[in-house]
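Observations on the model geometry
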Amino acid sequence: MQLEQLMYFIQGFAGGFGTKPVCPSCASQQAEGIDRKYFHQLLRCTNCGLLFRFPRETERDMVRFYQTGYQQSGLTTDLPDDETLATLMTSNFVGTAKDFTRFIDLFGVLSIAPGARVLDFGANWGYGMHQFQNAGFSVTGFEVSVPRAAFGEKLGLKIHTIWSNVVSASPFDVAFSAHVLEHTPDPAEAIKRQISVLKPGGYLIAVFPHGSPIYRDSDFEGFHKLWGRVHPVLPTVEFLTNTLPSSNCFIGALTDADLKRIASWNGTSKFIGDTTRSELLVVFRA
Ligand SMILES: [Zn+2]
């Protein structure tokens, strides 16, 4: 067992004594149990609908974890060597786990034209920014991990690690994030932050694993694997409905059927598409 894993296990055992679970997004102390792994519980905030792990680490511990402790197989945390990077850049990441074609197709469906200003929120080491740039968008990146943001220089990218620099570069036509919200200490704050730097009529676009009942009832085993050390929170449809500042949103999945629904969505009312899959898509119009 690695030290980080052992610390997590001990935190689960010791962290629950004498502390009450508090929702990381709305600070409510009203919660119900949804799932359990050894000493850690997954709770649902009965006020805002967020699913969150208890006990959990402080925001400061989380930021530290994302500098060096965070490991996932594949291109998420394994930084490619120079030769691999050159090949990936030449092939524009097509066919890899970091292929952004489906997101760029979604931009097309939403008539977000080349030249639009895009914020990649949680840009990691820049593979998405590279693809957005190649598709003609003007991209700004933000990443909490300083070493991974610095790696972006190898791709010719400047990735911000200080939020005020992103604010200085705003406003944006799109604030985009892929598999980021489930890693944040407070996903409501992350959503509000992104909306605050949008132009009027701009889009917040996010994809992430979720814990809505319609999905977890259909695939509890899959859902059970989604939360834990690396994913301390799971947003739900209920949480999004409570958190987004207005009902101008599409909540569904990045499927062909939902892309067709988005094409006919008017952008000014709430539309719920396919929420039965492990990955949820939200498109919010500011
Ligand atoms: Zn809450």
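What counts and how
Residues numbered from 1 in each chain as written. Predicted model: local features only at pLDDT ≥ 70, side-chain atom pairs only at ≥ 80, totals over all residues. Heavy atoms only, no water. Helix = DSSP H or I, 4+ residues; strand = E, 2+ residues; numbered from the N terminus. Rg over C-alpha atoms; globule rule 2.2 N^0.38 Å. Buried < 20%, exposed > 50% of the residue type's maximum accessible area, 1.4 Å probe, protein only. Areas by Shrake-Rupley, 256 points an atom, 1.4 Å probe, with all protein chains shown as cover. Lys, Arg positive; Asp, Glu negative; His and termini not counted. Charge placed at Lys NZ, Arg CZ, Asp CG, Glu CD. Donors = N, O, S within 2.8 Å, 3.2 Å for Na, K, Ca; no water. Pairing = 2+ DSSP bridges. Contact = heavy atoms within 4.5 Å. Axes fitted to C-alpha atoms, helices over the stretch in contact; angles between N-to-C directions. Phe/Tyr/Trp six-rings, centres within 6.5 Å; stacked < 30°, edge-to-face > 60°. Lys NZ or Arg CZ within 6 Å of the ring centre and 35° of its normal. Salt bridge = Lys/Arg side-chain N within 4 Å of Asp/Glu carboxyl O. Polar contact = N/O pair within 3.5 Å; in protein donor to acceptor, adjacent residues only side chain to side chain. Arc of directions from axis to C-beta.

1. Focus on the overall build of the chain
Looking only at helices and strands, the chain has 12 helices and 12 strands in total. The globule rule puts the C-alpha radius of gyration for 286 residues at 19 Å, and the 19 Å found for the chain is close to it. Each of the three principal axes of the chain carries a C-alpha extent, and together these read 55 × 45 × 35 Å. Within the chain, the fraction of its 286 residues that count as buried is 51%. With an accessible surface of roughly 13000 Å², the chain has 54% of that area assigned to carbon and sulfur atoms. Taking the 25 positively charged and 27 negatively charged side chains of the chain as two groups, their mean positions are separated by 5 Å.

2. Let's talk about the coordination of the zinc ion
Under perfect tetrahedral coordination by four donors, a metal shows angles of 109.5 degrees; under perfect octahedral coordination by six donors, it shows angles of 90 or 180 degrees. Donor atoms from the polypeptide that coordinate the zinc ion comprise Cys23 (SG), Cys26 (SG), Cys45 (SG) and Cys48 (SG), at 2.3 Å from the metal. Coordination of the zinc ion draws on donor residues from a single chain, spaced C-x2-C-x18-C-x2-C in sequence. Given the relative accessible area of 0%, Cys45 is considered buried.

3. Considering the sheet that holds strand S12 (residues 279–285)
Pairing in this open sheet of 8 strands is mixed, and the strands run S6-S5-S4-S7-S8-S12-S10-S11 from one edge to the other. Pairing within the sheet leaves two strands with one partner each, and these edge strands are strand S6 (159–160) and strand S11 (271–272). Helix-sheet contacts for helix H8 (residues 187–196) involve strand S4 (117–121), strand S5 (138–142), strand S7 (172–178), strand S8 (198–209) and S12, and the interaxial angle to S8 is about 150°. Sheet strands touched by helix H12 (residues 256–264): strand S10 (249–252), S11 and S12. Its angle to S10, the strand with the most contacts, is close to 170°.

4. Side note on the packing of aromatic side chains
Under the defined criterion, the tally for this structure stands at 20 aromatic pairs. Residues Phe100 and Tyr127 carry aromatic rings whose centres are separated by 6.1 Å and whose planes lie at 75° to one another, so their mutual orientation is edge-to-face. Of this pair, Phe100 sits in the loop between helix H3 (82–90) and helix H4 (101–109) while Tyr127 sits in helix H5 (residues 127–134); the two residues are 27 residues apart in sequence, bridging distant segments of the chain. Residues Phe100 and Tyr127 agree in their burial class; the two are buried. Ring centres of Phe250 and Phe271 lie 5.4 Å apart, and the angle between their planes is 10°; this geometry places the pair in the stacked category. Residue Phe250 is found in strand S10, and its partner Phe271 is found in strand S11; the two are separated by 21 residues along the sequence. Residue classification places Phe271 among the partly exposed residues on the basis of a relative accessible area of 31%. Among the aromatic residues, those joined into a cluster by ring pairs are Phe93, Phe100, Phe103, Phe107, Trp125, Tyr127, Phe132, Phe137, Phe151 and Phe176. Above the plane of the ring of Trp227 lies Lys37, whose end atom (NZ or CZ) is 4.8 Å from the centre.

5. Quick look at the pairing of S10
Where burial is concerned, the two faces of S10 agree: the one with Cys249 and Ile251 and the one with Phe250 and Gly252 are both buried. As paired elements, S10 and S12 share 4 bridges and run antiparallel to each other. The partner of Ile251 across the bridge, within S12, is Val282. Two strands pair when backbone bridges link them, and S10 and S11 are joined in this way by 2 bridges, in the parallel orientation. Of the residues in S11, the one forming a bridge with Ile251 is Ile272.

6. Quick word on the side chain of Asp186
For Asp186, the position within the fold is in the loop between S7 and H8. Here Asp186 occupies a buried position and makes no salt bridge, while the nearest side chain of opposite charge, Lys192, is found at 6.6 Å. Beyond its immediate chain neighbours, meaning those up to four positions away, Asp186 contacts Pro24 and Ser25.

7. Section: the side chain of Gln131
One can find Gln131 in helix H5. Of the polar contacts made by the side chain of Gln131, one reaches the backbone oxygen of Tyr127; its length is 3.0 Å. For Gln131, the contacting residues outside a window of four places in its chain are Asn92, Phe93, Lys98, Asp99, Phe100, Thr101 and Ile104.

8. Some points on H12
Taken together, the buried positions of H12 are occupied by Asp258, Leu259 and Ile262. Mapping the buried residues of H12 onto a view down its axis gives an arc of 105°, with all of them on the same face. Exposed positions of H12 whose direction lies more than 90 degrees from the buried face are Asp256, Lys260, Ala263 and Ser264. Tucked into the core, H12 has its buried residues touching H4, S10 and S12.

9. Re the environment of Phe100
What makes Phe100 buried here is its relative accessible area of 6%. Considered as a pair, Phe100 and Gly12 are 88 residues apart in the sequence and their alpha carbons are 36 Å apart. Apart from residues lying up to four places away in sequence, Phe100 is in contact with Tyr127, Gly128, Gln131, Phe132, Phe176 and Ala178.

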